[in-house]
Amino acid sequence: MSTPLEHDYIGLSETSSWERSSEKTPSSSSSTPSIEHKTTTDTRLNLKETELRLGLPGSHSPDRKLPLFGKDLECNDKSNGFAVSPLKNLVSGAKRGFSDAIDAPNGKWGFPMNGKSDVDLAKGPVLAISRAVLEGKNNLPAMKEVGAVSLSPKPIQDKKNHVPPANEHSNGPASKAQVVGWPPIRSFRKNTMASNSAKNSDDAVGCLYVKVSMDGAPYLRKVDLKTYKNYMELSSALEKMFSCFSIGQCRSGGLPVRDGFSESRLMDLLHGSEYVLTYEDKDDDWMLIGDVPWEMFIESCTRLRIMKGSEAVGLAPRAMEKCKNQK
Amino acid sequence: MHKKMAFSFPDEVLEHVFSFIQSDKDRNSVSLVCKSWYEIERWCRRKVFVGNCYAVSPRMVIKRFPEFRSIELKGKPHFADFNLVPDGWGGYVFPWIVEMAGAVPWLEEIKLKRMVVTDESLELIAKSFKNFKVLILSSCEGFSTDGLAAIAASCKNLKELDLRDCEVDDLSGHWLSHFPDTYTSLVALNISCLGSDEVSLSALERLVGRCTSLKTLRLNRAVPLDKVANILRRAPQLVEFGTGTYAAELRPDVYSDFAGAFSSCKELKSLSGFWDVVPDYLPAIYPVCSKLTSLNLSYATIQSPELIKLVSHCPNLQRLLVLDYIEDSGLEALASSCKDLQELRVFPSDPFGVEPNVSLTEQGLVAVSSGCPKLQSVLYFCRRMSNEALVTVAKNCPNFTRFRLCIIEPRTADYLTLEPLDVGFGAIVQYCKDLQRLSLSGLLTDRVFEYIGTYAKKLEMLSVAFAGDSDLGLHHVLSGCESLRKLEIRDCPFGDKALLANAAKLETMRSLWMSSCAVSFGACKLLAQKMPRLNVEVIDERGPPDSRPESCSVDKLYIYRTVAGSRFDMPPFVWTMEDDPSLQLS
C-alpha cells in the first residue's frame, strides 16, 4: 500500500484546523517520489543518529552501516521496512482512530469524525512536527514555527473544534477533552478532587471511574463515565472491553481463551436475554441501565455490572418505581 | 593447587560482618566477590527486594535465599497509577504467597507495590505465617475488608498494617473488631484509603486504647473531627497522625476538645489527612507545628493566606505536600520559614481546567529553590515555565536527587521566549549531578535527550511524555544514561530504530514502557527473538497485532528483563512473540 493513501485515511487533509498538517499533506500525497526519496534518506538518517551529532535530519553523511546484533541494518529484508517504517508508523499511529471505524467488523463501533479519541487528537501535533522534520531539509525554522505559540494553544483549539458534543454537556469553554492518564495524577486524588468540586459546583470536571464487573469474567474493569456522552457509547465500549470473555469458554485456569472471540455473539448475548447491563446507584440499589436520562445516570452510578438475565428479573419494576418516586 | 588464604574467616564471622550490610545493592555486590561469600550471603540474607515480580519466580527466590524474613515485591509498571495499564494485566501476589507459605514459614514482613492482592491471599498470609509482623500494601487492589478481617483475627504479632493508596472493596466496617481484645502490639496503622463504611469508630477507639506502642495512625476521611479528640487522647505517644475529615460545626466546645487533645500529643512529627478543611479549626494544630517535620496538606482545600500562616509555624519542616492553592506567595513564605525543607510536592487543584485558577507559576519554584538549600526532591505541577527559571533552579539546587515537573498542558513552550524547554532541563541534568529521577514536560525536542544522555549519568528513572522529534531522542537516552533502570515514555515519536539499535541496553534495565509511540509489532517480535532474557509484552486491546499491517504501531509496549521466562498469567490483550504462529518454528 502506498504511503500517500494512508495519509488520506488519517484524515490530516480533512481536518483543516491542523494547519501545519494540511500544509504538508498536499505536498506529500501528490508527490510519491518525494516520500520514497525521504525514506531512503531515512536510511542514512538512521546511521547519522548513531553518531550523536546534532546534524539536521536530512543532511547526508558517507554511508555507514548500523550494526544490529552484529549484522548490518542494510541487509534486513525490506519487509521489516526499517527504512519505510518511521513515516508509516507515525502515520499509522494516528490512523488508529479511523481504523477502528474502518476495520470494525460490523461497523457498529464506527467513530464519527467528531468523536475521535483524545489520544489521537493529542497525537496530531506530534505528527505535524515529525513530518516537518522528515520532509524538510532545513528543519530548524520549521521546528521553531511548529514549536512556537502556534503549537501550544493548538491542542486546545483542536479539541474545542473536534469535540463540540462533549462541550454541550459540560460548562462551555472552561472544560476540554481529556487525554487518558494526563496530567499524571492518581485516581484516588482525582476522585477526591472530583467529589470536592461536585460539592462546590454543579459541573464537576474531571473523571468518574467506576468498576465494571461481568458475571463469569475473571477480573473487574474500570471505566471513566465522563468519557462517554450517552448510553450507546458506554454500551459499545463495554462490549469491546468484555468481548474477549466468550461466555463459557474459559481455560481451566479461569483465564479466557484469546482467539475466536466473537463480538457479535457477545452483542447478541447483551441485546438478547442472556445478559443485562445494570448499575448500582448511590442508595446501593441495583438498577437497569437506560431508565433514566444520561446525566442523572452518571451522577448516581457508583458501579456497573453485566448481569445474567435470569438474575435481573426483579430489577425492572424497582427501577420504574424509583423513577416514579423521584418524579 | 589452592593456597588457603591466610585471612579466611570462619563463616560465622563473615555472617556477622554481613549482618551490618542492609542495602540490597551492597548485598548483591558482596555475593559476587567469590563463591564462598555468595553461599554465606545467601543463607543470611533476611530482606529480599524484587523490583519486578515477573523478573524472577518465587521458587528461584526461595531457593537462593532460604532464610529470608522480609520480602518486597513490585508489580505493575508505574504508569498503571494513571490508568494506562488495563485491568487484568497482572501483578498477582497469590502465587508468591503460596510458595512462601510452604517454604518460608517464619516470614515476618510483606511489602507490596502495585500488585493485585485478593482476599484469598490475605487469608493465606494470616494462616501461614505465625510470626507475621508487617504488611505494607502500596497502590494495591483486589481485596476487601474481609481479607483485612482475616489478618486482624489471626496475626497476633502484627505490628504494622499500612494500606497506602489502595483500592479496597468496602464490605463492612467491622473488620477492626476482629483484632482480639488481647491484641496490643500495633505500632503503625494506615487506613487512609478506606471508604465511608469501613471503620467502626468504637472498635478503633478500643484498639488505639490498648495498643500503647502505637506510633503511626492515619485515619480515613470518614472519621469525623469531633471523634478525633477521643482517639488522640488515647494515644498521646503518637508520632505520625493523619486526621479524617477536618470539617466540623464551628462550636467552641468541639474546638477546645479537639485542640486540647492535639496539644497532649507531644511527640507528633508528621501530620496528614485534612480533608474538607474548615480553616477556623487550623489553629488547633499550631501548638504541635514547631516539631513537625512532615506535613501532607495535599487534600486540604485551603487558600494561600491560611497556608502561609500554617507553614510559618513550622520551622523544622522537611517535607511538604500541598495543593497549588499555596500559590507563589505561599511558596515564597515557605522559602523564608522552612530552611530545612528537603522535599516539596505541589499538586494541581484543578488539573482539567483550561485557565489557571490560582496564581502558581514558575516563580514559586524558583523562590523555594533559592530559599531552601537542602531541597532534594521536587514534584511540581504548574501551567507555565521558562528556561530561565529552570536554569536558576538548577544552579540553586545542585543537590537534587528527584525532579519531576509537570506542565499541565502538553508541549507548552517557554512562555517568555516561545522556545522549547530543552535548555532548561539540560541545565537541570548538568548541574544536578546526583539526579536519580527525572520527569519531563513541556515542549521538548531531541535536543533535551542529547543533554540527558550526555550529563545524566546517575539517572535511574526517566519519565517522558509528548516530547522529542525522532528516534534520535530515544537513542540519546538509551546510549548515554549509564545508570538507567526504568524508562517510561508516552506519546512520543520514538520507533523501532532506536529500540533495536539499543537492544542490549534493555537487559541492563529493569523495564521500559512505551505507549502511543511509533513501535511496530514487527520490531517487537524481532526484539523478543533476539533477546531471550527480555519479556516483550505488547498490550493492545484492539485485537491481535498481526491483524494489522506489521508496520502499524502497537498501542502499549512493556519490556522487562527476566530470568523466569514468559509469564503464565497473561490476559488476552497482552501479546507476545509466542502469539505469532510464524515465529513458532524459529
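Note that residues are indexed from 1 along each chain, following the sequence as it is written. As they are written, the chains are lettered A onward and the ligands numbered 1 onward, keeping that order. Reporting in this predicted model follows two pLDDT cut-offs: at least 70 for local features of residues, and 80 or more for side-chain atom pairs to be given and counted; totals over whole chains, interfaces and linings ignore these cut-offs and use all residues. Derived side-chain values reflect all non-hydrogen atoms in the structure, with water molecules and hydrogen atoms excluded from consideration.

## Thoughts on the overall build of chain A
Move 1: Each helix is a run of DSSP H or I of at least 4 residues and each strand a run of E of at least 2, with the numbering of both proceeding from the N terminus. The secondary structure content of chain A amounts to 13 helices and 7 strands.
Move 2: Residue burial is assigned from relative accessible area. The probe radius is 1.4 Å, only protein chains are included, and a residue is buried under 20% of its type maximum, exposed over 50%, and partly exposed in between. Taken across its 327 residues, chain A has 49% of its residues classed as buried.
Move 3: A contact between two residues is defined here by any heavy atoms of the two lying within 4.5 Å. Taking contacts inside chain A between residues at least 6 apart in sequence as the whole, the part at least 24 apart equals 59%.
Move 4: Computed with a 1.4 Å probe, the accessible areas rest on the Shrake-Rupley method; for each residue, only the protein chains presented here act as cover. For chain A, the accessible surface area stands at approximately 15500 Å², while carbon and sulfur atoms represent 55% of it.

## Some details on a nonpolar patch on the surface
All names here are of chain B.
Move 1: In this scheme, patches are assembled from residues that exceed 30% relative accessible area and form no salt bridge. Like charges are connected within 9 Å, while nonpolar side chains (Val, Leu, Ile, Met, Phe, Trp, Tyr) are connected within 5 Å. Criterion for a salt bridge: a side-chain nitrogen of Lys or Arg within 4 Å of a carboxyl oxygen of Asp or Glu. A cluster of nonpolar side chains, Phe9, Val13 and Val17, forms an exposed patch at the surface whose accessible area comes to about 260 Å².
Move 2: One can find valine 17 in helix H1 (residues 11-18).
Move 3: For valine 17, a relative accessible area of 43% gives the class partly exposed.

## A short note on unusual backbone geometry
Move 1: A:Trp182 connects to A:Pro183 through a cis peptide bond whose omega is -5°.
Move 2: Its identity as a non-glycine residue notwithstanding, B:Ser139 has a phi of 55°, on the positive side.
Move 3: With respect to the element layout, B:Ser139 can be found in the loop between strand E4 (134-138) and strand E5 (141-144).
Move 4: With relative accessibility at 13%, the residue B:Ser139 sits in the buried group.

## Re the packing of aromatic side chains
Residues and elements named next belong to chain B.
Move 1: Only Phe, Tyr and Trp rings take part, Trp by its six-membered ring, and two of them pair if their centres are within 6.5 Å. Stacked means planes under 30 degrees apart, edge-to-face means over 60, and tilted covers everything else. In this structure the tally under the stated criterion is 28 aromatic pairs over all chains.
Move 2: Taking the centre distance of 5.2 Å and the plane angle of 80° together, the rings of phenylalanine 258 and phenylalanine 262 count as edge-to-face. Of this pair, phenylalanine 258 and phenylalanine 262 both sit in helix H10 (residues 252-263), separated by 4 residues, roughly a single helical turn.
Move 3: When the centroid spacing of 6.1 Å and the interplanar angle of 55° are considered together, the rings of tryptophan 513 and tyrosine 558 count as tilted.

## Concerning the UniProt feature "domain: F-box" (unreviewed entry) in chain B
Move 1: UniProt positions are given in the numbering used here, feature names are shortened, and annotations may be inferred rather than shown by experiment. In the UniProt entry, the feature "domain: F-box" (unreviewed entry) is given for residues 9-50 of chain B.
Move 2: What you have in residues 9-50 of chain B is 62% helix and 10% strand, and the ends, taken at the C-alpha atoms, are 30 Å apart.

## Focus: helix H16 (residues 422-431) of chain B
Residues and elements named next belong to chain B.
Move 1: Burial runs high along H16: 7 of the 10 residues are buried.
Move 2: The set of residues buried in H16 consists of Asp422, Gly424, Phe425, Gly426, Ala427, Ile428 and Val429.
Move 3: Tucked into the core, H16 has its buried residues touching helix H15 (387-396), strand E16 (402-407), strand E17 (437-439) and helix H17 (446-455).

## What about the confidence of the model for chain A?
Residues and elements named next belong to chain A.
Move 1: Summary statistics for chain A give a mean pLDDT of 53 and a share of 27% for residues scoring 70 or more.
Move 2: Residue range residues 1-174 is modelled with pLDDT below 50. Its contacts to residues more than four positions away, or to other chains, number 260 contacts.
Move 3: Per-residue confidence from the predictor is reported as pLDDT, a score between 0 and 100. Confidence drops under a pLDDT of 50 for residues 201-205, and excluding neighbours within four residues, the segment shows 10 contacts in the predicted structure.

## Quick word on the confidence of the model for chain B
Move 1: Here chain B averages 94 in pLDDT, and 97% of its residues register 70 or above.
Move 2: Scored as a whole, the predicted complex attains pTM 0.75, and scored at its interfaces, ipTM 0.90.

## With respect to helix H6 (residues 119-128) of chain B
Move 1: Most of H6(B) is tucked away: 7 of the 10 residues are buried.
Move 2: Those residues of H6(B) that are buried lie in contact with helix H5 (94-103), strand E3 (109-113), E4, E5 and helix H7 (145-154) of chain B.

## Considerations on the pairing of strand E7 (residues 301-308) of chain A
Residues and elements named next belong to chain A.
Move 1: Of the pairings in the sheet, the one linking strand E3 (residues 209-214) to E7 comprises 4 bridges and is parallel in character. Counted as the bridge partner of lysine 211 is arginine 303 from E7.
Move 2: For strand E5 (residues 275-281) and E7, the ladder comprises 7 bridges, and the chain directions are antiparallel. Across the sheet, tyrosine 275 pairs through a bridge with lysine 308, a residue of E7. At least two bridges found by DSSP between two strands are what make those strands a pair.

## Some points on the nonpolar core
Move 1: We call a set of buried residues a nonpolar core when its members are Ala, Val, Leu, Ile, Met, Phe, Trp, Tyr or Cys and they connect through side-chain atoms within 4.5 Å of each other. Ranked by internal contacts, the top residues of the largest apolar core, which has 207 residues, are B:Met100, B:Ile110, B:Leu320, B:Phe403, B:Leu438 and B:Ile452.
Move 2: The element contributing the most residues to this core is helix H21 (residues 521-530) of chain B, with 6 residues.
Move 3: Sequence-distant contacts of B:Leu438, defined by excluding residues within four places in its chain, comprise B:Phe403, B:Phe425, B:Ile428, B:Val429, B:Ile452, B:Leu459, B:Met461, B:Leu462 and B:Ser463.
Move 4: Judged by nonpolar contacts, the second largest core, of 25 residues, contains A:Val212, A:Phe242, A:Tyr279 and A:Met287.

## A word on the environment of B:Arg561
Residue and element names in this part refer to chain B.
Move 1: With respect to the element layout, arginine 561 can be found in strand E22 (residues 556-561).
Move 2: With relative accessibility at 38%, the residue arginine 561 sits in the partly exposed group.
Move 3: Spatially, the C-alpha atom of arginine 561 lies 22 Å from that of arginine 42, the residues being 519 residues apart in sequence.
Move 4: With residues near it in sequence (within four places) discarded, arginine 561 still touches Asn52, Ala55, Leu506, Glu507, Thr508, Met509, Arg510, Arg533 and Leu534.
Move 5: Pairing of N or O atoms within 3.5 Å defines a polar contact, subject to two protein rules: one partner must be a possible hydrogen donor and the other a possible acceptor, and residues neighboring in sequence count only if both atoms are side-chain atoms. At a separation of 3.1 Å, a polar atom in the side chain of arginine 561 contacts the main-chain carbonyl oxygen of glutamate 507.

## Focus: the sheet that holds strand E6 (residues 286-288) of chain A
Residue and element names in this part refer to chain A.
Move 1: One open sheet accounts for 5 strands, arranged E4-E3-E7-E5-E6; its pairing is mixed. The open sheet terminates on both sides in strands that have one partner only, identified here as strand E4 (221-224) and E6. Adjacent strand axes in the sheet meet at a mean angle of 30°, parallel and antiparallel pairs treated alike.
Move 2: Contacts between helix H10 (residues 231-242) and the sheet are confined to E3, E4, E5 and E7, with E4 contributing the most and set at about 155° to the helix. Axes here mean lines fitted to C-alpha atoms, for a helix over just the part in contact, with angles spanning 0 to 180 degrees between N-to-C directions.

## Some points on the pattern of salt bridges
Side-chain pairs of opposite charge can arise whenever the charged atoms involved come near each other.
Move 1: Applying the stated criterion across every chain, the model contains 37 salt bridges over all chains.
Move 2: For B:Arg42, the salt bridge goes to B:Glu39, with nearest N and O atoms at 3.2 Å. Pair noted here: B:Arg42 and B:Glu39 are both in helix H3 (residues 35-44), with a separation of 3 residues, about one helical turn.
Move 3: Judged by its relative accessible area of 35%, B:Glu39 falls in the partly exposed class.
Move 4: With a closest N to O distance of 2.7 Å, B:Glu343 and B:Arg345 form a salt bridge.
Move 5: What makes B:Glu343 buried here is its relative accessible area of 13%.
Move 6: Several salt bridges converge on common partners, so that one network encompasses A:Arg186, B:Asp81, B:Arg114 and B:Asp165.

## Focus: the pairing of E3(B)
Residues and elements named next belong to chain B.
Move 1: Examined bridge by bridge, strand E2 (residues 70-74) and E3 share 5 bridges and lie parallel to one another. Across the sheet, glutamate 72 pairs through a bridge with lysine 111, a residue of E3.
Move 2: The handedness of the E2 to E3 crossover, carried by H5, is right-handed.
Move 3: One ladder, built from 5 bridges, connects E3 with E4; its direction is parallel. Its bridge partner lying in E4, lysine 113 is registered against serine 138.
Move 4: After leaving E3, the chain enters H6 and then returns to the sheet as E4, a path that is right-handed. Convention used here: a crossover is right-handed provided that the path from the first strand, over the helix, to the second strand proceeds clockwise when the strands point away from the viewer.

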